[in-house]
Amino acid sequence: MFTNNDTLAVNAIRALSIAQIEKANSGHPGLPMGAAPMAYVLYNKILKANPKNAKFFDRDRFILSAGHGSSMLYSLLHLSGYKLSMDDLKEFRQIGSLTPGHPEFGHTEGVEVTTGPLGQGIAQAVGMAICEKHMAALYNKNDLEIIDHYTFALCGDGDLMEGVSYEAMSLAGHLKLNKLIVLYDSNGICLDGDLTTSFSENVEARVKAQNWNYLRVEDGNNLDDIYQAIETAKGYSNAPSLIEVKTVIGYGSVNEGTNKVHGAPIGSEDFAAAKKVYGWNYADFEIPEEVYQVFSEGIAKKGREANELWDEKLKSYKEKYPEDYKELMAGINRELPENFMEKVRKYDSSMKASATRASGGEIIQDLAKITRNFWGGSADLFSSNKTNIKDSEAFRDESPAGRNIWYGVREFAMGAIGNGIMAHGGSFHHVSTFFVFSDYLKAAVRLSALSGHPLTYAMTHDSIAVGEDGPTHEPIEQLAMLRAIPNTIVLRPADANETRLAWKVALESKTSPVVIALTRQNVKNLKETENLDNIDKGAYIIKDSENPDLILIATGSEVALALDTAKALEEEGKKIRVVSMPSMELFRAQDEAYKKEVLPKGVKKVSIEMATTFGWAEWTGACGLNIGIDRFGISGKGDLVQEELGFSVEAIKEKIENKFFK
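All values reported here derive from a predicted model rather than from experimental measurement.

Spatially, six strands are ordered S10-S9-S11-S12-S14-S13 in an open sheet, and the strand pairing comes out parallel. Of all the strands in the sheet, the pair left with one neighbour each is strand S10 (404-406) and strand S13 (489-491). Going from strand to strand, the sheet's axes swing by 20° on average, the running direction of each strand aside. Of the strand pairs in this sheet, strand S12 (residues 456-460) and strand S14 (residues 514-517) are connected by four bridges, and their pairing is parallel. When the sheet's bridge partners are listed, Tyr-457 is paired in S14 with Val-515.

Okay, structure coming up:
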């Protein structure tokens, strides 16, 4: 079925990819030179996507997990007809260009996710396949399948060595994600040299053990064999598939098959030699019309037709199932009903004290009733995180409409899969684990932030009050770590009402991940929060005093402690203001007038937080007092641990008096 023009198109991808790298004098030519045939077959003969409407919702998704091969992806996007011009390709890896060093979601049209940190692309592909399966179960009808597409990923050896790929592929096999297909660019070379120096797994045995189908293409230049393997994989209904395609890294280079072609330009002489191997007789960035034509008759034509067919289906769906249509589109557009928080319970000070993880769990039940697009998962901690939706079952192959993903003890994969779910679109998704284990998934949070995915991270057991589990489970530096990630909103609510409003911030976020840090221990519902409407300014005066002598700033469970400390100081004639600061990031984003209103200059300031004091000087100033924990925790009963480490009214009052009032 393949013609000379198809071969010409494959070599166009190679030549165009190398030309970008040579002009930039930077990049990774080896993968594009070796993997171009499989990428071409997938893109132009298999993929259901419309280059003229990159957001066509029922498109197939393609993820270049081996993101260092970005020049190949940009070549494909340009040749397919996406909004990526030849001039854009000539600006590869330059400041402000649409062709950055690694693919970036939201930056370049047609790029489905941000990749480059190896392994996370595979995990995000798993997330996309999960989301497709879930949404199909929610919205498809017997007479109208409105959600029906595949997720493809192209990975390399490095992806498969990263631990996150093991985690994600294990879950994918368990969930029987049959519409997930991974092409493995198997070239036997890693950055430092021969792959045998660090990797000798039997990949076939590995993926079969993880409940995947395995196929193999011996010749990575054989377009027919590649096509047949992908079509075979699409025919499987029992499991995801990995197709191992044996390739030659840097095919056509005088150094082909070696690590010399992995991550550096091959040079003009070698480029000329490779062109001869390819039979490529064109200048750099020159593409013959036949190549554009073959893409026009391939992905462009098929994608346009598929998009038109889906538009007709969607029109019928809207007419026959108006309520389902309305909710489907609300999910796709990340919209919630107006005043949706009116349906979420409020709390008052007469209610029994409870952990914010518990009140958070109650709030989740209310949010789940507002839209079926709200769902989430936990890393084997539903019973502790309280994040499960009680009136729904687990998401499984036999119950894909289930709204609770049992991620298992796979924190990193959970975060990366959650990114894939958000990149797919259509969901309000949350993931959850113990706060201290944010260490395991920090790289996924960073990618959420870089990509602008508003994934919610519900993290419980947020302080030394964890107690008996000891220092391994007591967070110290994690708040500072997460607060340091750009475009990340960290919220540490003081009580149930602040927790309620933290979820409001999370669901209304459009381009930032939101981390909600919740307590294991009970905290009282504060009288001062009963009429609180929002915490979107990040900090507010929870208790005031005219011309205060001192301002206490606290987060989370320590707000109540600050209020009690203020009372004790006032009994000695001091005038105290207390500020609750659930989010440094949101407060930092406010105008100077508001920040000065809450934290006026010239007033002594004290921070109170059961975590490292790192970062608090921004708010308390050089002469302020930062009360925290700059050591690891200890094992014991939670209340005694807090007291031992200085978090009691008496201890805090003494520190304040020694600092300011002697």
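Now that the structure has been shown, we can carry on.
Okay, the packing of helix H3 (residues 70-80) against helix H11 (residues 289-320) next. One can describe the packing of H3 onto H11 by two numbers: an axis separation of 8 Å at closest approach and a directional angle of 85°. Judged by the inter-axis angle, H3 sits roughly perpendicular to H11. In this structure, H3 contributes Leu-76, His-78, Leu-79 and Ser-80 to the contact, and H11 contributes Val-291, Tyr-292, Phe-295, Ile-299 and Ala-300. In terms of residue class, the contact of H3 with H11 is made up of seven nonpolar, two polar and no charged.

What follows covers the environment of Phe-395. Relative to the elements of secondary structure, Phe-395 occurs in the loop between helix H14 (382-385) and S10. The buried category is assigned to Phe-395, whose relative accessible area is 2%. Residues Phe-395 and Ile-405 lie 10 residues apart in sequence; the distance between their C-alpha atoms is 5.2 Å. Setting aside residues no more than four positions away along its own chain, Phe-395 makes contact with Ile-130, Lys-133, His-134, Leu-175, Trp-375, Pro-400, Gly-402, Asn-404 and Ile-405.

The positions UniProt marks with the feature "active site" (unreviewed entry) are Glu-411. Note on placement: Glu-411 falls in helix H15 (residues 411-424). If sequence neighbours within four positions are ignored, Glu-411 has contacts with Glu-167, Ala-379, Thr-433, Phe-437, Tyr-440 and Leu-441.

Now for the nonpolar core. Ile-130, Leu-180, Leu-242, Ile-417 and Tyr-457 are the most contacted members of the largest nonpolar core, which has 78 residues in total. The leading source of residues in this core is helix H5 (residues 120-139), at 12 residues. Summarising the domain contributions, this core has at least three residues from each of domain 1 (4-306) and domain 2 (340-529). Sequence-distant contacts of Leu-180, that is, excluding residues within four places in its chain, are made with Ala-125, Val-126, Ala-129, Thr-151, Ala-172, Trp-212, Pro-240 and Ser-241. Residues Ala-458, Leu-518, Ile-576 and Ile-608 belong to the second largest nonpolar core, which totals 73 residues.

Taken as a whole, this structure holds 30 salt bridges when the rule is applied. A salt bridge links Glu-570 to Lys-543; the nearest nitrogen and oxygen atoms lie 2.4 Å apart. Placement of the pair is Glu-570 in helix H19 (residues 558-570) and Lys-543 in strand S16 (residues 540-543), with a sequence separation of 27 residues. One salt-bridge network, held together by shared partners, links Lys-141, Asp-324, Glu-327 and Arg-372.

To continue, consider the domain arrangement of the protein chain. Domain parsing of the protein chain yields domain 1 (4-306), domain 2 (340-529) and domain 3 (540-661). Relative to domain 3, the C-alpha centre of domain 1 lies at a distance of 52 Å.

The next thing to look at is a negative patch on the surface. The grouping of Glu-468, Asp-469, Asp-639, Glu-643, Glu-644 and Glu-650 at the surface amounts to a negative patch. At three residues, the largest contribution of residues to the negative patch is made by helix H23 (residues 638-644). Looking at where Asp-639 falls in the secondary structure, it is placed in helix H23.

On to the environment of Thr-456. Here Thr-456 is to be found in strand S12. A relative accessible area of 1% means that Thr-456 is categorised as buried. Sequence-wise, Thr-456 and Ile-516 are 60 residues apart; in three dimensions their C-alpha atoms are separated by 7.5 Å. Once residues within four sequence positions are removed from consideration, Thr-456 is found in contact with His-429, His-430, Val-431, Trp-503, Ala-506, Val-514 and Ile-516.

Time to look at helix H1 (residues 4-24). With 21 residues, H1 should cover 30 Å at 1.5 Å per step; its first-to-last C-alpha distance of 30 Å lies within 8% of that length. In terms of burial, H1 is a largely internal element, 17 of the 21 residues being buried. Immediately beyond the C-terminal end of H1, within one or two residues, lies Asn-25, with a positive phi of roughly 55°.

What follows deals with H5. Compared with the 28 Å implied by 1.5 Å per residue over 20 residues, the 28 Å span of H5 between its first and last C-alpha is a close match. Of all 20 residues making up H5, 19 are buried, and the element is well covered by its neighbours.

All chains considered together, the criterion is met by 17 aromatic pairs. Between Phe-56 and Trp-310, the ring centres sit 5.8 Å apart and the planes meet at 65°, which makes this aromatic pair edge-to-face. Taken together, the residues Phe-56 in the loop between helix H2 (30-46) and strand S1 (61-64) and Trp-310 in helix H11 connect sequence positions 254 residues apart. Residue classification places Trp-310 among the buried positions, given a relative accessible area of 8%. Taking the centre distance of 5.5 Å and the plane angle of 50° together, the rings of Tyr-317 and Tyr-321 count as tilted. Each residue in the set Phe-434, Phe-437 and Tyr-440 is aromatic and connected to the rest through ring pairs, giving one cluster. When the ring centre of Tyr-166 is taken as reference, the NZ or CZ atom of Arg-206 above it lies at 3.6 Å. One residue, Lys-574, lies across the ring of Phe-661, its end atom 4.9 Å from the ring centre.

As a further point, take unusual backbone geometry. Of note in this structure, Lys-176 is not a glycine but carries a positive phi near 55°. For Lys-176, the position within the fold is in the loop between helix H7 (163-174) and strand S3 (180-186). Overall, the relative accessible area of 39% leaves Lys-176 in the partly exposed class. If you check the backbone angles, Asn-211 has positive phi at about 70° while not being a glycine.

Here we come to the side chain of Glu-585. Looking at where Glu-585 falls in the secondary structure, it is placed in helix H20 (residues 584-588). This buried residue, Glu-585, is left without a salt bridge; Arg-483 holds the nearest opposite charge, at 4.5 Å. Within the structure, the side chain of Glu-585 is placed 2.9 Å from the backbone nitrogen of Val-490, a separation counted as a polar contact. Excluding residues within four positions of it along the chain, Glu-585 makes contact with Arg-483, Thr-488, Ile-489 and Val-490.

What follows is about the sheet that holds strand S18 (residues 576-580). Read across the open sheet, the five strands follow the order S16-S18-S17-S19-S20; overall the sheet is mixed. Strand pairing shows two members of the sheet lacking a second neighbour, S16 and strand S20 (625-627), which therefore form its edges. The sheet shows a mean angle of 25° between the axes of neighbouring strands, taken without regard to direction. Helix H24 (residues 649-660) contacts strand S17 (550-554), strand S19 (604-608) and S20 of the sheet and is inclined by roughly 165° relative to S20.

Cut-offs applied
Residues numbered from 1 in each chain as written. Predicted model: local features only at pLDDT ≥ 70, side-chain atom pairs only at ≥ 80, totals over all residues. Heavy atoms only, no water. Pairing = 2+ DSSP bridges. Helix = DSSP H or I, 4+ residues; strand = E, 2+ residues; numbered from the N terminus. Axes fitted to C-alpha atoms, helices over the stretch in contact; angles between N-to-C directions. Parallel < 35°, antiparallel > 145°, perpendicular 65-115°, else oblique. Contact = heavy atoms within 4.5 Å. Nonpolar A, V, L, I, M, F, W, Y, C, P; charged D, E, K, R; others polar. Buried < 20%, exposed > 50% of the residue type's maximum accessible area, 1.4 Å probe, protein only. UniProt positions renumbered as here; feature names shortened; annotations may be inferred. Core = buried A, V, L, I, M, F, W, Y, C linked by side-chain atoms within 4.5 Å. Domains from an automatic or database assignment. Salt bridge = Lys/Arg side-chain N within 4 Å of Asp/Glu carboxyl O. Patch = residues over 30% accessible without salt bridge, like charges linked within 9 Å, V, L, I, M, F, W, Y side chains within 5 Å. Areas by Shrake-Rupley, 256 points an atom, 1.4 Å probe, with all protein chains shown as cover. Lys, Arg positive; Asp, Glu negative; His and termini not counted. Charge placed at Lys NZ, Arg CZ, Asp CG, Glu CD. Expected span 1.5 Å × (residues − 1). Phe/Tyr/Trp six-rings, centres within 6.5 Å; stacked < 30°, edge-to-face > 60°. Lys NZ or Arg CZ within 6 Å of the ring centre and 35° of its normal. Polar contact = N/O pair within 3.5 Å; in protein donor to acceptor, adjacent residues only side chain to side chain.

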